[in-house]
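# Structural overview
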Amino acid sequence: MELNQVEPKLKGQIMISTIIETILLFVVSMTLMPSEAHFAGYVVSSAEDGVVVDRESSILVKNYYLFFSAAVGLWAGLGIGYVTEYYTSNQHRPTQVVAENCRTGAATNVIMGLALGYKSVIFPAIAMAVAAYVSHSLAGFYGVSLAALGILSTLSIGLTIDAFGPISDNAGGIAEMAGMAEVVRERTDCLDAAGNTTAAIGKGFAIG
């Protein structure tokens, strides 16, 4: 069993759940939500004769605005999870670079790890900012709350995959203590490595 055969299966579960939830979000938004709604409680400031005047106002929100607000958070969460996987999986270059720097000493290892850590948060920060801006532009703070729910909506499948690593690690320990064949330990190590990566994906969702 190769590691590159395990990880795509686990990551595919998050992608499939995101696609299904996007379809369900569209159906719920278009069938169960009102076609139009006015959200009151917004204060609009304007200058009149050099004096700032505050007026209460409302915004018009359509049902598909709510869909896009939740969907942008949903796909932003998926992007954050996949970027986290890229920077933590030993199948990709960032982790391999950190491993290569271990050969030249602890200092270069720490420096490279810190640099990659700073670099890895660029996309998540941009994704969160875009999700907040788009959702607020469509439905105000209610849209922001929908985007947050969209990010968290795939948390259940993410945490389910997160448990894959410890289970595989325990299975490997049991196989070793039971004196089973070396091929069994190799398979459990392969599964454990994939589980560590998927655990990082779950942490990426938590950060989001």
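Starting afresh in each chain, residues are numbered from 1 along the sequence in its written order. In view of the model being predicted, local features appear only for residues whose pLDDT reaches at least 70, and side-chain atom pairs are presented and counted only at 80 or more, with totals across whole chains, interfaces and linings using the full set of residues. As a convention, hydrogens and water are excluded, and side-chain values are obtained from all of the structure's heavy atoms.

So, on to the overall build of the protein. In terms of helices and strands, the protein carries 8 helices and 2 strands. Seen in sequence order, the protein has helices and strands lined up from the N terminus as α-β-β-α-α-α-α-α-α-α. Note on classification: 1.4 Å probe, protein chains only; a residue is buried when its accessible area is under 20% of the maximum for its type, exposed when over 50%, partly exposed between these limits. Here the protein holds 208 residues, and the buried ones make up 32% of them. Pairs of residues are marked as contacts when any of their non-hydrogen atoms sit within 4.5 Å. Put simply, of all contacts in the protein between residues at least 6 apart along the chain, 69% involve residues at least 24 apart. Helix and strand assignments come from DSSP, with helices taken as H or I runs of at least 4 residues and strands as E runs of at least 2, each series counted from the N terminus.

Within the secondary structure, S120 is located in helix α4 (residues 106–120). Polar contacts here mean pairs of N or O atoms no more than 3.5 Å apart (in protein, one a potential hydrogen donor and the other a potential acceptor; neighbouring residues in sequence count only if both atoms are side-chain atoms). A distance of 2.7 Å separates a polar side-chain atom of S120 from the backbone oxygen of G117. Beyond its immediate stretch of four places on either side in the chain, S120 contacts V83 and Y87.

This brings us to the packing of helix α2 (residues 63–88) against helix α3 (residues 93–101). Axis definition: a line fit to C-alpha positions, over the contact stretch in the case of helices; interaxial angles, taken between N-to-C directions, run 0 to 180 degrees. At a minimum axis separation of 5 Å, α2 and α3 run at an interaxial angle of 30 degrees. With respect to their mutual orientation, α2 and α3 come out roughly parallel. Facing α2, whose interface residues are Y86, Y87 and T88, α3 presents R93, P94 and T95. Three classes are used: nonpolar for Ala, Val, Leu, Ile, Met, Phe, Trp, Tyr, Cys and Pro, charged for Asp, Glu, Lys and Arg, and polar for all others, with Gly counted as polar. Considered class by class, the residues forming the contact of α2 with α3 number 3 nonpolar, 2 polar and 1 charged. For classification purposes, an angle smaller than 35 degrees is called roughly parallel, one larger than 145 roughly antiparallel, one from 65 to 115 roughly perpendicular, and anything else oblique.

A general feature of soluble globular proteins is that nonpolar side chains tend to end up buried together. What is meant by a nonpolar core is a set of buried Ala, Val, Leu, Ile, Met, Phe, Trp, Tyr and Cys residues, joined one to another through side-chain atoms within 4.5 Å. Ranked by size, the top nonpolar core spans 8 residues in total: V6, L10, I14, L78, I157, I161, C190 and A194. Where this core is concerned, the elements lending two or more residues are α1 (3–32), α6 (155–162) and α8 (182–207). Sort the elements by how many residues they give to this core and α1 lands first, with 3 residues. The next biggest cluster of nonpolar side chains, apart from the first, holds 5 residues, and it includes V61, L66, A70 and A139.

Of note, K119 is situated in helix α4. In this structure K119 comes out as partly exposed when scored by relative accessible area, which is 47%. When the C-alpha positions of K119 and Y87 are compared, they lie 9.3 Å apart, and in sequence the two are 32 residues distant.

Once that is clear, we can look at the pattern of salt bridges. Two side chains that carry opposite charge are able to pair once their charged atoms sit near each other. Salt bridge, as used here, is a side-chain nitrogen of Lys or Arg placed within 4 Å of a carboxyl oxygen of Asp or Glu. With the rule as written, the count across this model stands at 2 salt bridges. With a shortest N-O distance of 2.8 Å, E36 and K62 are connected by a salt bridge. Of this pair, E36 sits in strand β1 (residues 36–48) while K62 sits in strand β2 (residues 51–62), placing them 26 residues apart in sequence. Residue E100 is joined to R93 by a salt bridge in which the shortest nitrogen-to-oxygen separation is 3.0 Å. Look at E100 and you get partly exposed, because its relative accessible area is 36%.

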